[in-house]
Amino acid sequence: MTIVFVLILQEVGLNIRRQHSHEGAEVLSRPAVVTVMGHVDHGKTSLLDALRQTSVAAKEAGGITQHLGAFVVGMPSGASITFLDTPGHAAFSAMRARGAAVTDIVVLVVAADDGVMPQTLEAISHAKAANVPIVVAINKCDKPAANPERVKIQLASEGLQLEEMGGDIQVVEVSAVKKTGLDSLEEALLLQADMMDLKARVDGPAQAYVVEARLDKGRGPLATAIVKAGTLVCGQHVVVGREWGRIRAIRDMLGKLTEAAKPAMPVEIEGLKGLPMAGDDIIVVDSEERARMLSEGRRRKAEKDRLRKINEGRTENVEEESEDMPKRVEMPIIVKADVQGTVQAVTDALKTLNSPQVFVNVVHVGVGPISQSDVDLAQACGACIVGFNIKSPPSTVIQVATRANIKIVLHRVIYHLLEDIGNLIVDKAPGTFETRVAGEAEVLNIFELKGRSKSKGDDVKIAGCRVIDGRFTKSSTMRLLRSGEVVFEGSCASLKREKQDVETVGKGNECGLVICDCDDFQVGDVIQCLEQVIRKPKFISSESGAVRIEC
Ligand code: GDP
């Protein structure tokens, strides 16, 4: 029989139990990752808000929390639960559709006054399809019209085997507004997690997923990631979906820099070359070259798949698309016009707006007014509808389109039509990243601190510099030049002015600079501070009426 020793490790607010078996293999139990689902207005967001206020970040940061896409709630026992901060089954399914099975438990929120509603049933179906256990939170129990017993009967009649009726699904009565029952909900989740005996390998390369991504002006693409297994370490080369990069910084929920991320710990990573998507996987590779190759391979495959799909649905556009098209976003458009000739002319004119970043995909054309079925099709494929030389559609059609957030653009002058669509395209274009030299400094002195490197315990070289142009920002990448040649590029480990840590240093000032993994400074070297900027395409129109999108 295997003898198991359990010792409790408190790691960044997460409870990880380390178990050694006599074979020497190490198994670690990890916190559960939870998604909140339920009908609209039943209180998913309010419940997450209430839980977030009890989170580690809220406690340590005096109630102020940043929206990171996930947060950790620590329990008095030392255990913890990780909540994904995007409620609803759309996000859950989008993640799953991309292969990211991050969620361990679903909290099904049902309003005590409203009871089971259509999206409650959808949420149950999604959780069941994913084989993810449910814990029911009957919310709004503070309301006079609350009737939790009725909700339980409704859920049971939908086939949920509730615990109090002899099944294994726990039900907790809560009020997100009055903040009652939250402890019981957290306890129920811990119990469920315990039953599932969630474990993960902690050592070795990380397998992780993106739960949210955003662009930051100074720091470039940022992704909130949750590690499923292994440990994600600062400095590693990664492929994230179709993007790649080298992890320049890892921040925990408090925004504090940390060297590594362990299973179920939400962290924000910095250093990717492009913006990934929620649900993208994060793979650690051993070199930049490999990361670049893998990401290029994935892009090519995605592009081929996309072209194949277009080919399957509609053959006419494919010939115009070259095999090696760069990554583009698609702009699906439905064209309706008064006569066939105009339909063709408008379609041809719209295609002149094709650009390397946005692909104008005319998914459907037709003669006559915009109908309900055009709106249905637009909704199914996320298209906008262009009407040329036709009457405004009936108000019922407009209402449906407005509710579904479908744009209808009506014009009688082709130039105005192209101007409108051109601007939509520019808005939609992802933009390209450009590296810009934001500041330049010369190295005046070199200082050495013995045994000060946090990661390795060895010596640290500090470059005493003067900023001769622009400004230096701590979150940027630093490039070291010697006689005009680039000799090193890396993230900034420390930026100080007169022994004080600072975020920026302006022109004319002196500063002490440490670059991660760089100990090769020489007096006279030049250091450049690099910033990533996003360049969006522009819609250009000439006086002759010609239009184009310039990237
Ligand atoms: P969501 O659409 O499921 O995210 O629902 P929201 O969290 O936006 O809540 C919808 C409405 O219900 C808001 O007006 C909330 O203030 C209210 N609400 C949410 N939870 C409670 C609760 O526990 N008690 C009461 N009385 N109202 C609540």
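Our subject is the structure listed above.
Residues numbered from 1 in each chain as written. Predicted model: local features only at pLDDT ≥ 70, side-chain atom pairs only at ≥ 80, totals over all residues. Heavy atoms only, no water.

Check the secondary structure of the protein chain and you find 11 helices and 33 strands. Restricting the contact set of the protein chain to residue pairs at least 6 apart, pairs at least 24 apart contribute 68%. Accessible surface, the protein chain as shown: approximately 26,300 Å² in total, 50% of it carbon and sulfur. (Helix = DSSP H or I, 4+ residues; strand = E, 2+ residues; numbered from the N terminus. Contact = heavy atoms within 4.5 Å. Areas by Shrake-Rupley, 256 points an atom, 1.4 Å probe, with all protein chains shown as cover.)

Lining the immediate environment of the ligand, one finds 15 residues, of which Asp 41, Thr 45, Ser 46, Asp 142 and Ala 176 sit closest. The side chain of Thr 45 places a nitrogen or oxygen atom 2.5 Å from an oxygen atom of the ligand. Against a free-state accessible area of 580 Å², the protein chains account for coverage of 71% of the ligand. Per-element tally for the shell around the ligand: the top contributor is helix 1 (residues 44-53), with 3 residues. (Near = heavy atom within 4 Å. Polar contact = N/O pair within 3.5 Å; in protein donor to acceptor, adjacent residues only side chain to side chain.)

Okay, the pattern of salt bridges next. Scanning the entire structure with this criterion turns up 26 salt bridges. Residue Asp 517 pairs with Arg 246 through a salt bridge whose shortest N-O separation is 3.5 Å. One end of the pair, Asp 517, is in the loop between strand 30 (510-515) and strand 31 (526-535); the other, Arg 246, is in strand 15 (residues 243-251), with 271 residues separating them in the sequence. Three or more residues joined by partner-sharing salt bridges are found here, namely Arg 214, Asp 216, Arg 219, Arg 248, Arg 251, Glu 268 and Glu 270. (Salt bridge = Lys/Arg side-chain N within 4 Å of Asp/Glu carboxyl O.)

Turning our eyes to something else, we now look at the sheet that holds strand 9 (residues 171-173). If you trace the 6 strands from one edge of the open sheet to the other, you get 5-6-4-7-8-9, paired in mixed fashion. Sheet topology places strand 5 (70-74) and strand 9 at the edges, where each strand pairs with a single neighbour. The sheet shows a mean angle of 30° between the axes of neighbouring strands, direction not considered. Pairing of strand 7 (residues 105-111) with strand 8 (residues 134-139) involves 6 bridges; the strand directions are parallel. Looking at strand 8, one finds that Ala 111 is bridged to Asn 139. (Pairing = 2+ DSSP bridges. Axes fitted to C-alpha atoms, helices over the stretch in contact; angles between N-to-C directions.)

For the structure shown, the criterion picks out 1 aromatic pair. Ring geometry for Phe 71 versus Phe 83: centroids 5.4 Å apart, planes at 25°, classification stacked. Of the two residues, Phe 71 sits in strand 5 while Phe 83 sits in strand 6 (residues 80-84), which places them 12 residues apart along the sequence. Using a relative accessible area of 3% as the deciding quantity, one classes Phe 71 as buried. Phe 83 sits in the buried class, given a relative accessible area of 0%. (Phe/Tyr/Trp six-rings, centres within 6.5 Å; stacked < 30°, edge-to-face > 60°. Buried < 20%, exposed > 50% of the residue type's maximum accessible area, 1.4 Å probe, protein only.)

So, about the pairing of strand 11 (residues 207-216). Two strands pair when backbone bridges link them, and strand 11 and strand 12 (residues 220-229) are joined in this way by 9 bridges, in the antiparallel orientation. For Ala 208, the partnering residue across the bridge sits in strand 12 and is Val 227. Hairpin remark: strand 11 followed by strand 12, antiparallel, with 3 residues in the connecting loop. Bridge count between strand 11 and strand 19 (residues 281-285): 3 bridges; the pairing is antiparallel. Each bridged residue has a counterpart across the sheet, and for Tyr 209 the counterpart in strand 19 is Asp 281.

On to the nonpolar core. If you look at the biggest cluster of nonpolar residues, it comprises 30 residues, and the most contacted ones within it are Val 34, Leu 47, Phe 83, Val 107, Leu 185 and Leu 189. Among the elements that line this core, the one with the most residues is helix 6 (residues 182-196), at 6 residues. Formed by 25 residues, the second largest nonpolar core is a distinct cluster that contains Ala 337, Leu 353, Val 386 and Ile 549. (Core = buried A, V, L, I, M, F, W, Y, C linked by side-chain atoms within 4.5 Å.)

Most of strand 6 is tucked away, with 5 of its 5 residues classed as buried. Across the two faces of strand 6 the burial is the same, with Ser 80, Thr 82 and Leu 84 and Ile 81 and Phe 83 all buried. The pairing of strand 4 (residues 32-38) with strand 6 spans 3 bridges and is classified as parallel. Each residue of the ladder has a partner; that of Val 34, found in strand 6, is Phe 83. Bridge analysis of strand 5 against strand 6 gives 5 bridges, and the strand direction is antiparallel. Counted as the bridge partner of Val 73 is Ile 81 from strand 6. Here strand 5 folds back onto strand 6 in antiparallel fashion, the turn holding 5 residues, of which Gly 78 has a positive phi close to 100°.

On to helix 9 (residues 372-381). When we look at burial in helix 9, the residues that qualify are Asp 374, Val 375 and Ala 378. Down the axis of helix 9, the buried side of the element spans an arc of 100°, and every buried residue falls inside it. Contacts from the buried residues of helix 9 go to strand 20 (329-337), strand 21 (358-367), strand 22 (384-388) and helix 10 (395-403). One or two positions beyond helix 9, positive phi appears at Gly 382, with a value near 70°. (Arc of directions from axis to C-beta.)

Let us look at the packing of helix 1 against helix 6. The geometry of helix 1 relative to helix 6 is characterised by a closest axis approach of 11 Å and an angle of 90° between their N-to-C directions. Taken together, the axis directions place helix 1 and helix 6 in an arrangement best described as roughly perpendicular. Counting all contacts with helix 1, which are made through Leu 47, Ala 50 and Leu 51, the residues of helix 6 involved are Leu 182, Leu 185 and Glu 186. (Parallel < 35°, antiparallel > 145°, perpendicular 65-115°, else oblique.)

Turning to helix 8 (residues 340-351), a few remarks are in order. Side chains of residues three or four places apart in an α-helix project in the same direction, reflecting 3.6 residues per turn. A rise of 1.5 Å per residue sets the reference length of helix 8, with its 12 residues, at 16 Å; its end C-alpha atoms lie 17 Å apart and thus fit the reference within 8%. Within helix 8 the residues assigned to the buried category are Thr 342, Val 343, Val 346, Thr 347, Ala 349, Leu 350 and Lys 351. Of the surrounding elements, those touching the buried residues of helix 8 are strand 20, strand 21, strand 22 and helix 11 (414-428). (Expected span 1.5 Å × (residues − 1).)

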